[in-house]
Structure formats: C-alpha cells, structure tokens
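# Understanding the architecture of this molecule
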Amino acid sequence: MKIDILTLFPEMYEKVFSQSIIKRAIEENKVEIEIHNFREYSKDPHRKVDDTPYGGGNGMVLTCQPIFDCVESIKTKDSKVILLTPDGIPYKQEMAYKLANEKHLIFICGHYEGFDERIRSICDFEISIGDYVLTGGELASMVITDSIVRLLPGVIEEGSHKNDSFNNNLLDYPTYTKPRVFRGMEVPEVLLSGDHKKIEEYRKEESIKKTQFRRPDLLKK
Ligand code: 6GU
C-alpha cells in the first residue's frame with residue numbers, strides 16, 4: 001500500500017512514523033508513506049497557500065491551486081483521495097478495515113480556519129476522527145494511518161487483531177501475565193486451568209459484560 005499525505009507541517013510526521021510497528025512496516029515494504037508539503041506547489045510568488053474568506057469573517061482559508069496541483073501530480077486510477085475535516089464521516093474500526101484494502105490513499109490535511117469549499121470536489125470522501133476540533137488534519141492523518149498500517153498483511157500477527165476491541169462491536173476481554181498474584185490481586189482461576197473451551201467462554205462473557213457496562217451503545221448495533 002502507498003499512503004501520500006498533503007500537509008503544511010511535514011516535520012510533525014518524522015518521529016511518529018519512525019517508531020515501533022509503523023517503522024518496521026515501512027522497512028519491510030508493507031507500506032510506503034510519503035509526506036508532501038503542498039506549499040511547494042503554490043504558484044504564488046510568495047508561496048502563499050491561503051487567503052481571506054469571500055464574504056468576510058475570521059481567519060485564513062486554504063486556496064485550491066496548491067492542493068489541486070499536488071493531488072493531480074500524485075493521483076492515479078487506483079487512488080482514493082480523503083479530506084480530513086471535523087465535518088467528515090466519523091472514523092470507526094470498520095472503515096480502517098475498508099481502507100486497509102485500498103492500493104493508494106491520499107490524505108489532505110486542512111489547517112487554519114478552513115479550506116475553499118471547491119477542494120471537496122477532488123475528494124472521494126471526508127473523514128473526522130471525533131466530535132472535537134483539532135488545529136489541523138495532521139494528527140488525524142497519523143491516527144488513521146496507524147490504524148490502517150497495523151491491519152496490513154504481515155504487519156502484526158493476524159491473531160492480535162482478530163480479537164481487537166470493536167471487532168463484532170465488543171470491547172477486549174481482560175488479559176493478565178506473570179506473576180500470578182501481584183499486591184494481593186489474583187489472576188482469575190480459569191485462565192490457569194488449561195481448559196481452552198472454558199477460557200474461550202470466560203473471555204466472551206467478560207467481553208460482553210465490559211461492553212454492557214462501558215459502551216452499551218455498541219451492543220445496540
Ligand atoms: Cl480530521 N480534522 C480536524 N481539523 N479536526 C478534527 C478532525 C479532523 N477530526 C476531528 N476533529
């Protein structure tokens with residue numbers, strides 16, 4: 001998979017994508033991630049990328065030209081162009097699975113007060129990562145990229161995401177490791193029993209109980 005990210009703040013990505021599982025996925029060519037500073041595409045003599053809004057109002061608005069030219073220079077027939085905005089479709093694990101099946105994703109990070117409405121015309125869809133407002137799409141693009149890359153074949157053990165929270169609309173069951181007793185807190189007996197059928201039943205029950213208690217909204221789906 002190839003992921004291109006259009007941003008005015010490329011340095012934000014350096015540390016995030018050079019650690020741990022994402023770093024390894026890149027090194028093993030499971031994913032290629034390229035960060036583009038769309039300011040470099042600006043035809044303005046001062047490399048301007050924003051301007052004041054028609055009709056008045058606060059702040060600056062990202063202009064069409066640099067973003068259109070940047071997208072057009074990297075887009076192919078296999079690309080999905082995604083705008084990151086609080087107005088977008090709420091991002092869920094289900095969408096992470098769908099995006100993980102694409103060949104090429106292009107993320108556009110808005111910033112400042114907003115972007116020219118006509119930028120939406122070059123996008124296949126728009127995503128929001130939650131009901132709050134960020135200063136820009138950069139953090140959202142990192143969150144979404146992380147959630148997709150871990151699902152790509154061979155990046156982490158298949159079993160580790162088979163039981164992820166949100167699969168089947170259930171939260172994760174509790175897990176324990178050594179020691180058996182820590183500060184008086186014991187590992188549930190069933191997990192030491194070696195009875196795999198019983199363990200599976202216990203985990204399923206705990207998953208359902210936890211979801212009922214913490215996220216009853218998930219069970220209604
Ligand atoms: Cl994708 N962008 C911005 N700027 N704010 C957000 C968001 C995205 N998702 C939630 N809030």
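So, how was this worked out
Residue numbers restart at each chain and count upward from 1, following the sequence in its written direction. Where totals are concerned, whole chains, interfaces and linings use all residues; where local detail is concerned, this predicted model gives features only for residues with pLDDT of at least 70, and gives and counts side-chain atom pairs only at 80 or more. Water and hydrogen atoms play no part in the side-chain values, which are based on all heavy atoms of the structure. A side-chain nitrogen of Lys or Arg and a carboxyl oxygen of Asp or Glu constitute a salt bridge if their distance falls within 4 Å. Strands here are runs of E lasting at least two residues and helices are runs of H or I lasting at least four, both read from the DSSP assignment and numbered beginning at the N terminus. To define axes, lines are fitted to C-alpha atoms, for helices over the stretch in contact only, and angles between the resulting N-to-C directions are given on a 0 to 180 degree scale. Throughout this description, any angle smaller than 35 degrees is read as roughly parallel, any larger than 145 degrees as roughly antiparallel, any in the 65 to 115 degree range as roughly perpendicular, and the remainder as oblique. For any pair of crossing helices, the crossing counts as left-handed if the nearer helix is rotated counterclockwise from the farther one by less than a right angle, and right-handed if it is rotated clockwise. Contacts are residue-level and defined by heavy atoms, with any inter-residue pair within 4.5 Å sufficient. Gly falls in the polar group here, along with every residue not listed as nonpolar (Ala, Val, Leu, Ile, Met, Phe, Trp, Tyr, Cys, Pro) or charged (Asp, Glu, Lys, Arg). For each residue, the test is whether any non-hydrogen atom lies within 4 Å of the molecule or strand; if one does, the residue is near. N or O atoms within 3.5 Å of each other form a polar contact, as long as, within protein, one can give a hydrogen and the other can take it, and as long as residues adjacent in sequence are counted only when both atoms are side-chain atoms. The Shrake-Rupley method, run with a 1.4 Å probe sphere, supplies the accessible areas, and residue values consider only the shown protein chains as cover.

Going through the model one piece at a time under the given rule, you end up with 16 salt bridges. Residue K2 is joined to E34 by a salt bridge in which the shortest nitrogen-to-oxygen separation is 3.0 Å. Of this pair, K2 sits in strand β1 (residues 2-7) while E34 is found in strand β2 (residues 32-37), placing the two residues 32 residues apart along the sequence. Residues D87 and R120 are paired through a salt bridge, measuring 2.8 Å at the closest nitrogen-oxygen approach. Taken together, the residues D87 in strand β5 (residues 79-90) and R120 in the loop between β7 (114-115) and β8 (125-128) connect sequence positions 33 residues apart. Linked by salt bridges that have partners in common, D87, E117, R120 and E126 make up one network.

This next bit is on the packing of helix α4 (residues 93-100) against helix α5 (residues 138-149). For the pair α4 and α5, the least separation of the axes is 9 Å and the interaxial angle reads 70°. Judged by the inter-axis angle, α4 sits roughly perpendicular to α5. Considering only the axes of α4 and α5, their crossing is right-handed. Contacts between α4 and α5 pair A96, L99 and A100 from the former with I144, S147 and I148 from the latter. Along the lines of polarity and charge, the residues of the contact of α4 with α5 split into five nonpolar, one polar and no charged.

This brings us to the site of the ligand. If you check the shell around the ligand, you find L84, T85, P86, I127, S128, I129, G130, Y132, L134, G136 and A140 and nothing else. Here S128 contributes a side-chain N or O atom positioned 3.4 Å from a nitrogen atom of the ligand. With respect to the ligand, the backbone of L134 contributes an N or O atom lying 3.1 Å from a nitrogen atom. Considered on its own, the ligand offers 290 Å² of accessible surface; in the complex 96% of this is hidden by protein. If you list the elements that add at least two residues to the shell around the ligand, you get β5 and β8. Element by element, the count of residues in the shell around the ligand is highest for β5, at three residues. Here the residues of the shell around the ligand sort into seven nonpolar, four polar and no charged.

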